[in-house]
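# Chain and residue survey
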Amino acid sequence: MDELLDTLPAIEDMEWNGGDFFFTKLVKKRPHAFISEDGDLCISGEHGDDLIDYYGDYRNSTLYIHPELVEWATKNGGYWEWVHPGAICFVR
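Residues numbered from 1 in each chain as written. Predicted model: local features only at pLDDT ≥ 70, side-chain atom pairs only at ≥ 80, totals over all residues. Heavy atoms only, no water.

## Quick word on the nonpolar core
Note the cut-off: As used in this record, nonpolar core signifies buried Ala, Val, Leu, Ile, Met, Phe, Trp, Tyr and Cys residues forming a set joined through side-chain atoms within 4.5 Å. Each residue's exposure class comes from its accessible area (1.4 Å probe, protein chains only) as a fraction of the maximum for that residue type: buried when under 20%, exposed when over 50%, partly exposed otherwise. Here a strand is any run of E in DSSP of at least two residues, a helix any run of H or I of at least four, and the numbering for each starts at the N terminus. Any two residues having at least one pair of non-hydrogen atoms within 4.5 Å are treated as being in contact.
In terms of nonpolar packing, the biggest core is built from 15 residues, with Leu69, Trp72 and Trp80 touching the most fellow members. Counting only elements with at least two residues in this core, the list comes to β4 (41-44), α2 (67-75), β7 (79-84) and β8 (87-91). If one sorts the elements of this core by residue count, α2 sits on top with three residues. For Trp80, the residues in contact, after removing those within four places along its chain, are Leu8, Leu41, Ile43, Ile65, Leu69, Val70, Trp72, Ala73, Ile88, Cys89 and Phe90.

## Focus: α2
What counts is decided by this rule: Arc, as used here, means the arc of the directions from the helix axis to the C-beta atoms.
Those residues of α2 not exposed but buried are Leu69, Trp72 and Ala73. Looking straight down α2, one finds its buried side chains confined to an arc of 100°; they lie on one side. Away from the buried face of α2 by more than 90 degrees, exposed residues Pro67, Thr74 and Lys75 are located. Backbone geometry just downstream of α2 places Gly77 in the positive-phi region, at approximately 75°.

## Considering the packing of aromatic side chains
Here is the rule: A pair of Phe, Tyr and Trp rings is counted when the ring centres sit within 6.5 Å of each other, with Trp represented by its six-membered ring. The angle between the planes then sorts it: under 30 degrees is stacked, over 60 is edge-to-face, the rest tilted.
Following the criterion strictly, the structure yields five aromatic pairs and no others. Seen from their ring centres, Tyr54 and Trp82 are 5.3 Å apart, and the 75° between their planes marks the pair as edge-to-face. Of the two residues, Tyr54 is situated in the loop between β5 (52-53) and β6 (64-65) and Trp82 in strand β7; the sequence distance between them amounts to 28 residues. Through a chain of ring-to-ring contacts, three or more aromatic side chains come together here, namely Tyr54, Tyr55 and Trp82.

## Some points on the environment of Tyr64
Checked against the element boundaries, Tyr64 lands in strand β6. According to the relative accessible area criterion, Tyr64 is buried, its value standing at 18%. Here the alpha-carbon distance between Tyr64 and Asp50, two residues 14 residues apart in the chain, equals 9.2 Å.

## Observations regarding the pattern of salt bridges
Basically, it comes down to this: Salt bridges are defined by distance alone: a side-chain nitrogen of Lys or Arg within 4 Å of a carboxyl oxygen of Asp or Glu.
The tally for this structure, following the rule as stated, stands at one salt bridge. The salt bridge involving Glu71 is made with Lys75; its shortest N-O contact spans 3.0 Å. In this pair, Glu71 and Lys75 both sit in helix α2, four residues apart, roughly one turn of the helix. Under the relative-accessibility criterion, Lys75 is labelled exposed at 64%.

## Considering the sheet that holds strand β3 (residues 33-35)
What counts is decided by this rule: A strand pair is defined by DSSP finding two or more bridges across the two strands. Geometry is summarised by axes, namely lines fitted to C-alpha atoms with helices restricted to the contacting stretch, and by angles between N-to-C directions that run from 0 to 180 degrees.
Here four strands make up an open sheet; going across it, the order is β3-β4-β8-β7 and the pairing antiparallel. Edge positions in the open sheet fall to β3 and β7, since each of these has one partner strand only. Taken pair by pair, the neighbouring strands of this sheet meet at an average axis angle of 35°, ignoring direction. Sheet topology places β3 next to β4; three bridges connect them, and they run antiparallel.

Okay, here's the thing in structure tokens:
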């Protein structure tokens, strides 16, 4: 899984202006990814990048994984599985 870690996409998203509701610019965000103790490629949803959202706080109360991450997983022959509300792991 180490070889896949570096291939995760940088995803374009809004950078907020000091708590204001108007964004100042679009920026590329890399997901906060890591290799678990079991050797799985995982992404944390607890670093403020809003690329995954278990509770749907900002997505109409539905589970959310950014579409570019879903597309990346499909292209690499797998999918994302929720490990717990704070992380997903890549599964083949």
